[in-house]
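# Chains, contacts and geometry: an overview
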Amino acid sequence: MTRFIFITGGVVSSLGKGLSSAALGALLQARGYKVRLRKLDPYLNVDPGTMSPTQHGEVFVTDDGAETDLDLGHYERFTGVDAKQTDNVTTGRIYSEVIKRERRGDYLGATIQVIPHVTDAIKEFILADPGEADFVLVEIGGTVGDIEGLPFLEAIRQLRNELGEERTMFVHLTLLPWVPTAGELKTKPTQHSVKELLSVGIQPDLLLCRSDRSIPPNERKKIALFCNVRPERVIEALDADTIYQVPIAYHDQGYDREVCRYFDLPFEQEPSLAQWRGIVRTVRDPEGQVSIAVVGKYTGLLDAYKSLSEALTHGGLANNVRVKLEWIDSEIFEREDAVVHLENVHGILVPGGFGERGSEGKIQAARFARERRVPYFGICFGMQMAVIEATRNLVGIKDAGSTEFGPTAEPVVGLLTEWLKGNEIERRNYGSDLGGTMRLGAYIAHLDPASQIARIYGSDRISERHRHRYEVNTDYKARLEKAGMKFAGMSPDGVLPETIEIPGHPWFIGVQYHPELKSRPLQPHPLFRSFIEAAKTQSRLV
Ligand code: GLN
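Now for a description of the structure that goes with this document. (Residues numbered from 1 in each chain as written. Predicted model: local features only at pLDDT ≥ 70, side-chain atom pairs only at ≥ 80, totals over all residues. Heavy atoms only, no water.)

## Some points on the overall build of the protein chain
Within the protein chain one finds 18 helices and 25 strands. For a compact globule of 542 residues, the expected C-alpha radius of gyration is about 24 Å, and the protein chain comes in at 25 Å, within 12% of that figure. Long-range pairs, those at least 24 residues apart, make up 73% of the contacts in the protein chain between residues at least 6 apart in sequence. Element-wise, carbon and sulfur atoms account for 48% of the exposed surface of the protein chain, whose accessible area totals about 22,500 Å². (Helix = DSSP H or I, 4+ residues; strand = E, 2+ residues; numbered from the N terminus. Rg over C-alpha atoms; globule rule 2.2 N^0.38 Å. Contact = heavy atoms within 4.5 Å. Areas by Shrake-Rupley, 256 points an atom, 1.4 Å probe, with all protein chains shown as cover.)

Rendered as structure tokens:
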């Protein structure tokens, strides 16, 4: 029997609902249950693919090619369960589905309304394909009280009625602010938030209260009394020094125990959290430190690079070092000398990106890394910029560029107009829609067995997730290889370059895909493990 836990948020946004849901998933798994996590996003975009990462954080891509909310990254990292297209839905997608059905005539003369048609479509999504899951955790994006969120709240209210208390639980995440002048943790915003939920017919079964200090017994009682929740189900969620501490802290507060109790499941046996404790130990007390410069464009909002910074941390865990990230806006290099900023770092990473702004700075960072023999990791756009740099400065074609930035005489990087997806050919041109039309999701690549990257993976056949519209143009391959840049990985049909490296350089690798999306704390990605290892070696040199 699949049970559904609905997680809403109140008082303010950014309380870490995604991480919190992921941590509960990990705890239930540690108790031997199978979990799936889903996210309902109230915004009107069909998916976050067309949103700037500085607005909504990174776009997380699944194996099956969905562009999803970054919270799905937390879910995957904490539970190891691969997310799917069917695990993230937005108001935009729900409405386009309902309108499509209406146009087809599926509703047979009915007047289409939010209740029941939109709420039915939401419920369908929540209930679809639970697989073997004992628990489906459903996070509702936004904050209670948002207009956009109402149909979602209504849908979960209906589900409680339809599935019963035995199969549904409402968890509400709130904030207890500390007011220094009163010397008190304030419960009123939580009370109001619960009232707001009650007004749409939802009585939370458990409250998860974020706060920067322990909740005194009196305040706990007060919350329980006013919010109609048992005192032991008012769970304290203290700020943690590392995200890996969150499942442990929740467990210590009895969160998973109360969830099991609620569903009448055995709760006496302790779950095994040894792996999480091990990670926390390494994070708190590593043997050393390396510093990595991340030269990108969206450095103003670090959520834009969430999976990347996590994957770098995982690489650090695998090497028992702390990874200190220096976020550098690539445009700086267009005004100032790169040397000043990069001289003392132990590795340089140019991540994924879009558009011309800042690209020359990234090219300079790649040049610095190549010439100064500093470990370089180019991801997607970062690989494309490294190839343009090598074409300009190793092959000697000064006009080398990318058609992403407009017409160019030397299109070393060009629009991907045709590629194989399974047995089908996908076609695009300059006039195609921008939403959902990139080369997306998992594709196989073949690696030259004699390459550095094949050694790192321990395999010559890999599957990695993609999200790009442009590709390195193989017309330049022979000249680049002659000049010292090896095309080590190619698509199985040999048409699309997937990885490049510079033999003889300590660590210079570019990949057209996004390895950071598949790295997990309990299984660091081989490329991040190896990159940080190279940075560790570099740290002994500088
Ligand atoms: N803008 C580049 C492209 O579309 C790179 C994309 C990326 O880095 N994800 O190909």
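## Side note on the nonpolar core
Here is a general trend for soluble globular proteins: nonpolar side chains tend to be buried in one another's company. Of all hydrophobic cores here, the largest spans 44 residues; its most connected members are Ile 5, Leu 28, Phe 135, Tyr 255 and Val 259. Among the elements that line this core, the one with the most residues is helix H1 (residues 17-30), at seven residues. Every residue in contact with Tyr 255, bar those within four places of it in the chain, is listed here: Leu 24, Val 171, Leu 206, Leu 208, Ile 235 and Tyr 250. Judged by nonpolar contacts, the second largest core, of 39 residues, contains Ala 365, Val 374, Leu 415 and Phe 487. (Core = buried A, V, L, I, M, F, W, Y, C linked by side-chain atoms within 4.5 Å. Buried < 20%, exposed > 50% of the residue type's maximum accessible area, 1.4 Å probe, protein only.)

## A short note on the pattern of salt bridges
Scanning the entire structure with this criterion turns up 41 salt bridges. The partner of Arg 372 in a salt bridge is Glu 343, with the nearest N and O atoms 3.7 Å apart. Within this pair, whereas Arg 372 is found in helix H14 (residues 359-372), its partner Glu 343 is found in the loop between helix H13 (338-342) and strand S14 (347-350), the two being separated by 29 residues in sequence. Between Arg 370 and Glu 389 there is a salt bridge; the shortest N-O distance is 2.8 Å. Of the two residues, Arg 370 is situated in helix H14 and Glu 389 in helix H15 (residues 381-395); the sequence distance between them amounts to 19 residues. In this pair, the class of Arg 370 matches that of Glu 389, namely buried. Each member of the salt-bridge network shares a partner with another, and the members are Lys 39, Asp 41, Asp 69, Asp 71 and Glu 139. (Salt bridge = Lys/Arg side-chain N within 4 Å of Asp/Glu carboxyl O.)

## Examining the environment of Glu 404
By the element assignment, Glu 404 lies in the loop between strand S16 (400-402) and strand S17 (410-415). Between the C-alpha atoms of Glu 404 and Ala 338, which are 66 residues apart in sequence, the distance is 24 Å. At 2.8 Å, the side chain of Glu 404 and the backbone nitrogen of Gly 355 are in polar contact. (Polar contact = N/O pair within 3.5 Å; in protein donor to acceptor, adjacent residues only side chain to side chain.)

## Remarks on the sheet that holds S14
Judged by pairing direction, the sheet is mixed, and its nine strands sit side by side in the order S13-S12-S14-S15-S25-S24-S23-S20-S21 without closing on themselves. For this open sheet the edge positions go to strand S13 (321-329) and strand S21 (461-468), each flanked by a neighbour on one side alone. Recorded for the sheet is a direction-independent mean angle of 25 degrees between the axes of neighbouring strands. Where H15 meets the sheet, its contacts fall on S14, strand S15 (376-379), S21, strand S24 (497-501) and strand S25 (508-511), and the angle it forms with S15 comes to roughly 115 degrees. (Pairing = 2+ DSSP bridges. Axes fitted to C-alpha atoms, helices over the stretch in contact; angles between N-to-C directions.)

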